[in-house]
Amino acid sequence: MSNNSPLTGKTALVTGGSRSIGAAIAKRLAADGAAVAITYNGSPDKAGEVVAAIEAAGGRALAIQADAGNADAVRAAVGQTVAQLGGIDILVNNAGIAINGPVEEIAFADYERMIAVNVTGVFVATQEAVRNMKAGGRIIHIGSSMARYAAFPTASVYTLTKGAVAGFNRSLARDLGPKGITVNTVLPGPTNTDMNPKDGPVAAIVGPGMAIGRYGEPEEIAAAVAFLASPDAAFITGAELMADGGFTA
Ligand code: NDP
C-alpha cells in the first residue's frame, strides 16, 4: 500500500464483512488504503481471518459483532467505527440474506427477518453513518440484479427487499448531494459465494444466462465498490452499477 492509494486516510465500514462478497470488499478497500471496520453476525472466526489478512498486508481493520437485523447493534457498530477509526467516510451496506420459497408458503417470520436485515439494517446503518459523515462521504449499497430481472421463482421477498434498496438509493442521493455525500448501488449478478455457489442449485438455473459464460467472483464485485468509493466517482450519485457478467443485458 502506498500513499498514492486512492483511499489513504479514509475510514470504511462494511456490513457483513466476514465472508464472501463483504470480505472481498473489506480487503479491497483496505488494499486501496482505507482503515476498515467489518460487522459480522454468526462467523466470528471468519471475521477474525479477514482482520488478520488486512493487518498482514499492512492495513488497519476492526471486526464488530452486530446483527444487521438489530437496530441498536447496528447503531453501536457505526459508533464503534467512528470511535476506534476516527470517523466514517465510506459505508458499504452489504449484509444480506435470502430465505427463498413459494410466496404462499413463506413463513411470516422469514419475511420479517429479511426485511429486518436487508432493509431496516440498511436504513439504520445509513442514518447513523450520515450523522457522522463529512463532505466527500460515500454510501454504497449492495443490491441485486434480481431488482431489475427476476430470473427464477421463489425469490419474491428477497427481490422485494432489494427493490426497496433501489428506491432508497435514488431518493437518498437527493438528500445527501448537498452535503457532498454520494449514494450508489452495486447490483451483483450471480456471484460465487456461500449464498450462491457457482455449482449450487441456483447456478443450474441461471448459469446459461451469463453473457460472459461464468459466475462472478466476490473480488469482481469488490472492484465495482472500490471504484464508487474512489475520488474518481465523485460525480456519480443515485446510480446503479450492474456487475453481472451481462446476466441482465
Ligand atoms: P453470503 O451469505 O455468502 O455472506 C453473507 C455475509 O453477510 C456474511 O459475511 C455474513 O456474516 C453476513 N451477514 C448475514 N446476515 C447478517 C446479519 N444479520 N448481520 C450481520 N452480518 C450478516 O452472501 P453474499 O456474499 O453472496 O451476499 C452479499 C450481498 O450481496 C448480499 O446483500 C446479497 O443479497 C448480495 N447479492 C449476492 C449475490 C450472489 O449471487 N451471491 C447476487 C446479488 C446480490 P456472518 O456469517 O458472520 O453472519
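Where an unreviewed UniProt entry is consulted, the protein appears under the name Oxidoreductase, with the organism given as Sphingomonas oleivorans. Note on the protein: under the UniProt heading Sequence similarities (unreviewed entry), the record states "Belongs to the short-chain dehydrogenases/reductases (SDR) family."

(A) Spatial organisation of the UniProt feature "domain: Ketoreductase" (unreviewed entry) in the protein. Per the UniProt record, "domain: Ketoreductase" (unreviewed entry) is annotated on residues 10-190. Across residues 10-190 one finds 46% helix and 17% strand; the C-alpha atoms that close the span lie 30 Å apart.

(B) Focus on the nonpolar core. Ranked by size, the top nonpolar core spans 32 residues in total, and within it Ile25, Leu29, Val36 and Val92 carry the most contacts. Within the residue set of this core, elements represented by two or more residues are strand 1 (11-14), helix 1 (20-31), strand 2 (35-40), helix 2 (44-56), strand 4 (90-93), strand 5 (138-142) and helix 7 (218-229). Every residue in contact with isoleucine 25, bar those within four places of it in the chain, is listed here: Val14, Val92, Asn94, Ile142, Ala222 and Val225. Residues Ala37, Ile64, Ile88 and Val183 belong to the second largest nonpolar core, which totals 23 residues.

(C) Representation of the side chain of threonine 39 within the structure. With respect to the secondary-structure elements, threonine 39 resides in strand 2. Side-chain polar atoms of threonine 39 contact the backbone nitrogen of glycine 16, separated by 3.0 Å. Ignoring any residue separated from it by four or fewer positions in sequence, one finds threonine 39 in contact with Leu13, Val14, Thr15, Gly16, Gly17, Ser18, Ile64, Ala66 and Ala77.

(D) Highlighting the site of the ligand. Close to the ligand lie 31 residues; Ser20, Ser43, Ala68, Tyr158 and Thr193 are nearest. Serine 18 places a side-chain nitrogen or oxygen 2.8 Å from an oxygen atom of the ligand. A distance of 2.8 Å separates a nitrogen atom of the ligand from a polar atom in the side chain of aspartate 67. In the complex, 94% of the free accessible area of the ligand, which totals 890 Å², lies under the protein chains. Elements represented by at least two residues in the shell around the ligand include exactly helix 1, helix 4 (108-130) and helix 5 (156-176).

Cut-offs applied
Within each chain, residue numbers correspond to sequence positions counted from 1 in written order. Side-chain atom pairs in this predicted model are given and counted only at pLDDT of 80 or more, local residue features only at pLDDT of at least 70, and totals for whole chains, interfaces and linings cover all residues. Side-chain measures were taken over the full set of non-hydrogen atoms in the model, leaving aside hydrogen atoms and water. UniProt positions are given in the numbering used here, feature names are shortened, and annotations may be inferred rather than shown by experiment. Helix numbering and strand numbering both begin at the N terminus, where a helix is a DSSP run of H or I of at least 4 residues and a strand a DSSP run of E of at least 2. Remark: nonpolar core denotes a set of buried residues (Ala, Val, Leu, Ile, Met, Phe, Trp, Tyr, Cys) joined through side-chain atoms within 4.5 Å. Three exposure classes are used, based on accessible area relative to the maximum for each residue type with a 1.4 Å probe and protein chains only: buried under 20%, partly exposed in between, and exposed over 50%. Any two residues whose heavy atoms approach within 4.5 Å are treated as being in contact. Under the rule applied, a polar contact is a pair of N or O atoms within 3.5 Å (in protein, one hydrogen donor and one hydrogen acceptor; residues adjacent in sequence only if both atoms are side-chain atoms). Only heavy atoms are used to decide nearness, and a residue is near a molecule or strand if one of them lies within 4 Å of it. Throughout, the Shrake-Rupley method with a 1.4 Å probe supplies accessible areas, and for residues the shown protein chains are the sole cover considered.

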